Amino acid sequence: MDRRNNTTQESSDPFAANDSSLRSNRGIPQLLTSVPALNDAASYLADTTSLFTRCFMDFSAVAEPASRGLGGQEMVTFGSAESRGSPAFSGVSSSGSHLAVCNSSQPSVDAPLLHEGLSRTLSRESSQSGSATRNSEDLSDSSCAQVQSTQASPNGISIFQGLIEKVRRTVRGSADDIGWLQRASHMPPVEDQTDRFVEILDDIRHGLHKLPNSMVYLLVPGLFSNHGPLYFVNTKTSFSKLGLTCHIAKIHSEASVEKNAREIKDYIEEVYWGSNKRVLLLGHSKGGVDAAAALSMYWSDLKDKVAGLVLAQSPYGGSPIASDILREGQLGDYVNIRKIMEILICKVIKGDMQALGDLTYERRKEFLSKYHLPKELPVVSFQTEASISPAVLATLSRVAHAEMPTFSTAQPATFPVVMPLGAVMAACAQLLQIRYGEKSDGLVTCRDAEVPGSVVVRPKRKLDHAWMVYSSLNDDPMEADASQVCEALLILLVEVGQRKRHEISNKDE
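Residues numbered from 1 in each chain as written. Predicted model: local features only at pLDDT ≥ 70, side-chain atom pairs only at ≥ 80, totals over all residues. Heavy atoms only, no water.

This paragraph deals with the overall build of the chain. Counting secondary structure elements, the chain contains 20 helices and 13 strands. A burial count over the chain gives 45% of its 509 residues as buried. Considering only residue pairs separated by 6 or more positions, the chain has 77% of its internal contacts joining residues 24 or more positions apart. Approximately 26600 Å² of the chain is accessible, and the part contributed by carbon and sulfur atoms is 54%. (Helix = DSSP H or I, 4+ residues; strand = E, 2+ residues; numbered from the N terminus. Buried < 20%, exposed > 50% of the residue type's maximum accessible area, 1.4 Å probe, protein only. Contact = heavy atoms within 4.5 Å. Areas by Shrake-Rupley, 256 points an atom, 1.4 Å probe, with all protein chains shown as cover.)

Okay, the sheet that holds strand β13 (residues 455–457) next. Taken together, the seven strands give an open sheet; going across it, the order is β5-β13-β10-β9-β8-β6-β7, and neighbouring strands pair in parallel fashion. Here the strands that pair on one side only, and so sit at the sheet edges, are β5 (191–192) and β7 (245–248). Two strands pair when backbone bridges link them, and strand β6 (residues 215–220) and β7 are joined in this way by four bridges, in the parallel orientation. Residue pairing for β7: L219 is matched across the bridge by I248. With respect to the sheet, helix α20 (residues 482–508) is in contact with β5, β6, β8 (278–284), β9 (306–312), β10 (379–382) and β13, its orientation differing from that of β8 by roughly 130°. (Pairing = 2+ DSSP bridges. Axes fitted to C-alpha atoms, helices over the stretch in contact; angles between N-to-C directions.)

Turning next to the environment of Q354. Note that Q354 resides in helix α17 (residues 354–357). A sequence separation of 97 residues divides Q354 from V257, and the C-alpha atoms of the two residues are 8.2 Å apart.

Where helix α10 (residues 233–241) contacts α20, the axes come no closer than 8 Å and their chain directions differ by 65°. When the axes of α10 and α20 are compared, the crossing they make is right-handed. Contacts from N234, T235, S238 and F239 in α10 reach A482, S483, C486, E487 and L490 in α20. (Left-handed = near helix turned anticlockwise from the far one by under 90°.)

Turning our attention to the environment of L181. In this structure, L181 sits in helix α8 (residues 180–183). Separated by 187 residues in sequence, L181 and L368 place their C-alpha atoms 9.9 Å apart. Once you skip the residues sitting within four places of it in the chain, L181 turns out to touch M187, Y316, G317, L368, E450 and P452.

Further remarks concern unusual backbone geometry. Positive phi values are uncommon outside glycine, yet S285 reaches one of about 55°. Along the chain, S285 falls in the loop between β8 and α12 (286–297). Owing to a relative accessible area of 10%, S285 belongs among the buried residues under this scheme. Here the phi dihedral of Q313 falls at roughly 55°; this positive angle occurs in a residue that is not glycine. Checked against the element boundaries, Q313 lands in the loop between β9 and α14 (320–326). On the basis of relative accessibility, which here comes to 0%, the residue Q313 falls in the buried class.

With that settled, the discussion passes to the nonpolar core. A general tendency of soluble globular proteins is for nonpolar side chains to be buried together. With 48 residues, the main nonpolar core has I268, L281 and L295 as its most contacted residues. The residues touching L281, leaving out its near neighbours within four places in the chain, are L218, V220, I264, I268, A291, V306, G308, L309, V310, L490 and L493. Listed in part, the 43 residues of the second largest apolar core include Y217, F239, L463 and W467. (Core = buried A, V, L, I, M, F, W, Y, C linked by side-chain atoms within 4.5 Å.)

As enumerated under the stated definition, the model contains zero disulfides in all. C246 carries a free sulfur, and the closest cysteine sulfur to it, the one in C486, is 9.0 Å from it. (Disulfide = S-S within 2.5 Å.)

Written out as structure tokens, the structure reads:
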């Protein structure tokens, strides 16, 4: 019995030794307690990949029953040909094939410890049957150890490295993509004209309106606008009261960027030939991306018909929300958001999933590598930051009107249909702030909303992504409303256009 316990202790010594060395160096307990932040977790895991893999290789020896071999043949599988340094296993192939090593003349001390322990166990059992010496000689002289390499196996290091890469992608998310346009060396810088915007807005609130009626103003709505009856309606009504010609582009907002670009191009040409006036465009959210795509792809046809472009809260560089929904290893994989969006866009509202895909960083990089906004085009970018204070939880946005049925000739009573869009935008903005440390309007980060080479407006007032097109029930009357903000942006665009034309004429002279 003591001999058996000693044998068992000897066979388990390698495990105990490796476990103690693991604790003495950079072991798992120290790893779990030394992670300073979530973003560093992937780096720690990557640093310990080789350690864990080496442990898996050292401990992966498996002894098959003697009855499964020929004449008591011993079958042992090792995860590494380097463990223990035995010359008998130095010729293991890395192609995943089996290699039989026969007639080994190496002393037992050079063999792997686990192999030695198994040999002793088999010898002892054979001794009990009366043939210990014969079986021991057979095991030492004619037994074959079949070793299968794990370097090309789907298990082992390849699976562990894949796990590490998946964890890294999940942790990093869109952190490396946010603001990529600002980091690109070949992109022109932006010009901050926030102060001038504030002056124009103050003039508008005091009744001074400077938008010329010699142009047509085209408002391009964003994603899901077809299902929001009041999208841009207040702005159009306000412009009409000023005697300005204003249209809302009738496009399928859930279509792809390139498809909408073609429709906007046709719409601009139709408006121009009908009025003989140049067009100023203001696009909100995806509408700004669609409008910019139209001018980038068809500028040769539109350069005499378009006077400028305003992108309001548009994900010109991409959106982390869209990317995290559609990117592998992100939100869409864990809470089925991707499947929900597919059902909502494709089945419910009969749209194209590419409409959301075109707003990811990958698609935006691909598109902008092919098409650029013309340098002579006046462009204004408007980016905002959403409020994340508890007060926004009580904010309700008016998205539609409903009429009560009536049985008389009197006018039917109407009441607003409201949604807590402010609370939703605040939750998304809080998520982006915590995960990426980025300010946003809830859907688009401030850095991704700035078009390179454009005039940028960065107001201090907290405005979420939905505020520009849907009025709130508790708007502050002392502050400018969305239609006034749009008017100020277009006036600034007119001034930028006049300045650009002056610069071009000076260059020609």
